[in-house]
Amino acid sequence: MDGNARHSSKDGLVSGKRLRVYPWLIGAALWGVWAGEVLTRQGWQSGLGPILGSDFITLYGAGLLYRHHPTRLYDPMFQAQIQAMLIAPTPYPGLNPFISPPYVAMACGLLTLLPLKSAFVLWNGLTLAWTLHAAAGLRKLLPEDVRQAASALPPIPVLLLSFFPFVAGWRVGQNHGLTLWLATWLLISSQAGRPALAGLIAGLMLYKPQFVIGFLILWITWKELRALAAFGAMASLWLGLSLLSGGGPLYGEYLARSSLLLSLPWVEGFPAFALITPYGLLATLLPSEAQPALQAASALGLLLMGLGLARIAAPLRNLPWEQQAPAWMLALLYPLLAFPYALLHDLMLLAPILALWAAARPSPRWLRTAIGVYLGGLFMPFLGALTRLALPSLLPIGVLIAMAREGLLQPNLRRTPPPWPGF
């Protein structure tokens, strides 16, 4: 940065002091609100009104149904009864439907070995541990000169734990901490030249199958058979265990009900403003009559973006890992751009994308993009709630545009030293 830019940066909104202090203040405010919700709760109803751990209750209820009434797993009325029973006498406002594959309900059955409250506390503890370990992994992805330059920024754990999508996922008991952890260590395994381990980790991520597709496109394009074989083995284990435990007949019902995901933005009471996909944004802009056209456009986008990812990745096959970083970044972005359904807490996947960018080509645009993601994750959900638009979906789109403007979508990427220590 030249002298004028450096002086403007120090005196302006994006000064080094502000960047170091603001995440601590934002985190303190967000966690203070959450603590207030818990301290003023009435049963499972928080002091602000919503149910605490609502998504966890859905997963826990699905685990109970899979263990004791598997044929009713996708019965909406039965799901609603189980969820209401679990938090009684706290009234449960409606239904939070379970729409994941049957093997996810099978895995959730392990949670039901503990009482609901104990399982929720354990899950939150694991989420915190996964996130902190992922933070260590994200730092490990960075070259030494970038780590030294990043010492002027807040610590990675502070940035992650004060990121509003993390807090939003935490309060409802989502699995975003596990997703971030698996995605981060998949990248580290690939960086270390251990594709089989990366494939196994991708197989563990099958509780959200759409998050794996980008990695599979890379491995198919690069003919990385070890990763594909390990992924296939883990996927077979998921499927095999669910079939052996009697979940086989549920797959037809799951596929029949999977279309519910596409209509959720128009369902009364669904927080469509929390969607982070282009499909979600368009769905909140258009009436329900546009759903067939949006579905067709989504399917076409899924195909074209997959082909685009393969085309960008192909010339990077035999390059050093740092030069393959743009392909990995796009693989992480792919489910947020091409698939219809992803929610606010899934923005945690932008953290490893930004870490890869810093490793490949640290630059002022990287810093501006990271700040935009962090602040956008805080303000976009509230603006979206006011306008009833899925405004958080602009963040993955913005990251893609910033990557293109930085030249990260071009082959033969050349790394430059970080120019932003001291701001």
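Just so we're clear, the structure is a prediction, and the values are computed from it rather than from any experiment.

K.L.:
Please set out the overall build of the chain residue by residue, giving values where relevant.
P.N.:
Within the chain one finds 21 helices and zero strands. At 22 Å, the chain has a C-alpha radius of gyration in line with the 22 Å of a compact globule built from 423 residues. In terms of overall dimensions, the chain has a C-alpha envelope of 65 × 50 × 45 Å along the principal axes. Counting across all 423 residues of the chain, residues that qualify as buried make up 53%. Considering only contacts in the chain between residues 6 or more positions apart, those separated by 24 or more positions represent 75%. For the chain, the exposed surface amounts to about 18700 Å²; the carbon and sulfur share of it is 68%. Side-chain charges of the chain comprise 27 positive and 14 negative groups, with the mean position of each set lying 6 Å from the other.

K.L.:
Give me the nonpolar core: which residues, what numbers.
P.N.:
With 130 residues, the main nonpolar core has Leu 73, Leu 186, Trp 219, Trp 328 and Leu 350 as its most contacted residues. With 12 residues, helix 18 (residues 325-338) is the largest single contributor of residues to this core. Excluding its chain neighbours within four sequence positions, the residues that come into contact with Trp 328 are Leu 186, Leu 187, Ser 190, Phe 215, Leu 218, Trp 219, Trp 222, Trp 321 and Leu 356.

K.L.:
Which residues make up the pattern of salt bridges, and what values go with them?
P.N.:
Throughout the structure, instances matching the rule amount to seven salt bridges. Glu 406 is the salt-bridge partner of Arg 365, the closest N and O atoms lying 3.0 Å from each other. In this pair, Arg 365 sits in helix 20 (residues 364-387) while Glu 406 sits in helix 21 (residues 394-406), placing the two residues 41 residues apart along the sequence.

K.L.:
Run through the packing of aromatic side chains, naming residues and quoting values.
P.N.:
One pass over the structure, following the stated rule, counts 23 aromatic pairs. Look at Phe 56 and Trp 123: their rings are 6.2 Å apart centre to centre, the planes differ by 40°, and that puts the pair in the tilted class. Linking Phe 56 in helix 3 (residues 54-68) with Trp 123 in helix 6 (residues 116-141), this pair joins segments that are 67 residues apart in sequence. According to the relative accessible area criterion, Phe 56 is buried, its value standing at 1%. For the ring pair Trp 130 and Trp 181, a centre distance of 6.3 Å and an interplane angle of 25° mean the geometry is stacked. You can see Trp 130 sitting in helix 6 and its partner Trp 181 sitting in helix 10 (residues 176-191), a full 51 residues away along the chain. Among the aromatic residues, those joined into a cluster by ring pairs are Trp 44, Phe 56, Tyr 60, Phe 120, Trp 123, Trp 130 and Trp 181.

K.L.:
Please give an account of the packing of helix 18 against helix 19 (residues 350-360) that cites residues and values.
P.N.:
Where helix 18 meets helix 19, the closest approach of the two axes is 9 Å, and the angle between their N-to-C directions is 160°. Between helix 18 and helix 19, the angle is such that the two are roughly antiparallel. Viewed along their axes, helix 18 and helix 19 form a crossing whose handedness is left-handed. Seen from helix 18, the contacting residues are Ala 325, Trp 328, Met 329, Leu 332, Leu 333 and Leu 336; seen from helix 19, they are Leu 350, Pro 352, Ile 353, Leu 356, Trp 357 and Ala 360. Residues of the contact of helix 18 with helix 19, tallied by class, amount to 12 nonpolar, no polar and no charged.

K.L.:
Describe helix 16 (residues 278-285), listing the residues and the values that go with them.
P.N.:
Structurally, the α-helix is built with 3.6 residues per turn, so residues lying three or four positions apart point the same way. Turning to helix 16, its buried residues are Tyr 279, Gly 280, Leu 281, Ala 283 and Thr 284. Buried residues along helix 16 sit against helix 15 (260-263), helix 17 (291-313) and helix 21.

K.L.:
Requested: an account of unusual backbone geometry, with residues and values cited.
P.N.:
With an omega of 10°, the peptide bond running from Ala 88 to Pro 89 counts as cis. You can see Pro 89 is positioned in the loop between helix 4 (76-87) and helix 5 (102-108). Its identity is not glycine, yet Lys 223 carries a phi of approximately 55°, on the positive side. Topologically, Lys 223 is positioned in the loop between helix 12 (213-221) and helix 13 (225-244). Classification of Lys 223 by relative accessible area gives exposed; the value is 55%. Unusually for a residue other than glycine, Arg 388 sits at a positive phi of about 60°. Tracing the sequence through the fold places Arg 388 in the loop between helix 20 and helix 21.

K.L.:
Lay out the side chain of His 345 with the relevant residues and their values.
P.N.:
Of note, His 345 is situated in the loop between helix 18 and helix 19. Since its relative accessible area comes to 7%, His 345 is described here as buried. Within the structure, the side chain of His 345 is placed 3.4 Å from the side chain of Gln 174, a separation counted as a polar contact. Non-local contacts of His 345, meaning those with residues more than four positions away in its chain, are made with Pro 165, Gly 169, Gln 174, His 176 and Lys 208.

K.L.:
Describe the side chain of Lys 208, and please don't skip the residues or the numbers.
P.N.:
By the secondary structure assignment, Lys 208 is in the loop between helix 11 (195-204) and helix 12. Under the relative-accessibility criterion, Lys 208 is labelled buried at 13%. A polar atom in the side chain of Lys 208 sits 3.3 Å from the side chain of Asn 175. Once residues within four sequence positions are removed from consideration, Lys 208 is found in contact with Gln 174, Asn 175, His 345 and Asp 346.

What counts, and at which threshold
- Per-chain numbering applies: the sequence of each chain, read as written, is numbered from 1 onward.
- Since the coordinates come from a predicted model, pLDDT governs what is reported: local features require at least 70, and pairs of side-chain atoms require 80 or more to be given and counted, while whole-chain, interface and lining totals use all residues.
- Calculated side-chain values reflect all of the structure's heavy atoms, with hydrogen atoms and water omitted.
- Helix and strand definitions here come from DSSP, where helices need a minimum of 4 consecutive H or I residues and strands a minimum of 2 consecutive E residues; each element is numbered from the N-terminal end.
- Only the C-alpha atoms count toward the radius of gyration. The rule for a globule is 2.2 Å times the residue count to the power 0.38.
- Type-normalised accessible area, obtained with a 1.4 Å probe on protein chains alone, sets the label of each residue: buried when under 20%, exposed when over 50%, and partly exposed for intermediate values.
- We call two residues contacting when some pair of their heavy atoms lies within 4.5 Å.
- Method for areas: the Shrake-Rupley scheme with a 1.4 Å probe, in which residue coverage is limited to the protein chains shown.
- Lys and Arg are tallied as positive, Asp and Glu as negative. Neither His nor the chain termini are counted.
- To locate a charge, the coordinates of NZ of Lys, CZ of Arg, CG of Asp or CD of Glu are taken.
- Here, nonpolar core means buried Ala, Val, Leu, Ile, Met, Phe, Trp, Tyr and Cys residues that are tied together by side-chain atoms lying within 4.5 Å of each other.
- What counts as a salt bridge is simple: a side-chain nitrogen of Lys or Arg found within 4 Å of a carboxyl oxygen of Asp or Glu.
- Working definition: a ring pair exists when centres of Phe, Tyr or Trp rings (six-membered ring for Trp) sit within 6.5 Å. Plane angles under 30 degrees give stacked, over 60 give edge-to-face, the rest tilted.
- Axis definition: a line fit to C-alpha positions, over the contact stretch in the case of helices; interaxial angles, taken between N-to-C directions, run 0 to 180 degrees.
- Angles are sorted into four bins: roughly parallel if under 35 degrees, roughly antiparallel if over 145, roughly perpendicular if 65 to 115, and oblique for all others.
- Handedness of a crossing follows from how the near helix is turned relative to the far one, being left-handed for an anticlockwise turn of less than a right angle and right-handed for a clockwise one.
- Polar here means any residue other than Ala, Val, Leu, Ile, Met, Phe, Trp, Tyr, Cys and Pro, which are nonpolar, and Asp, Glu, Lys and Arg, which are charged; Gly is therefore polar.
- We call two N or O atoms a polar contact when they sit within 3.5 Å, provided that within protein one can donate a hydrogen and the other can accept it, with sequence-adjacent residues counted only if both atoms are side-chain atoms.

What is shown is where atoms sit, not what they do.
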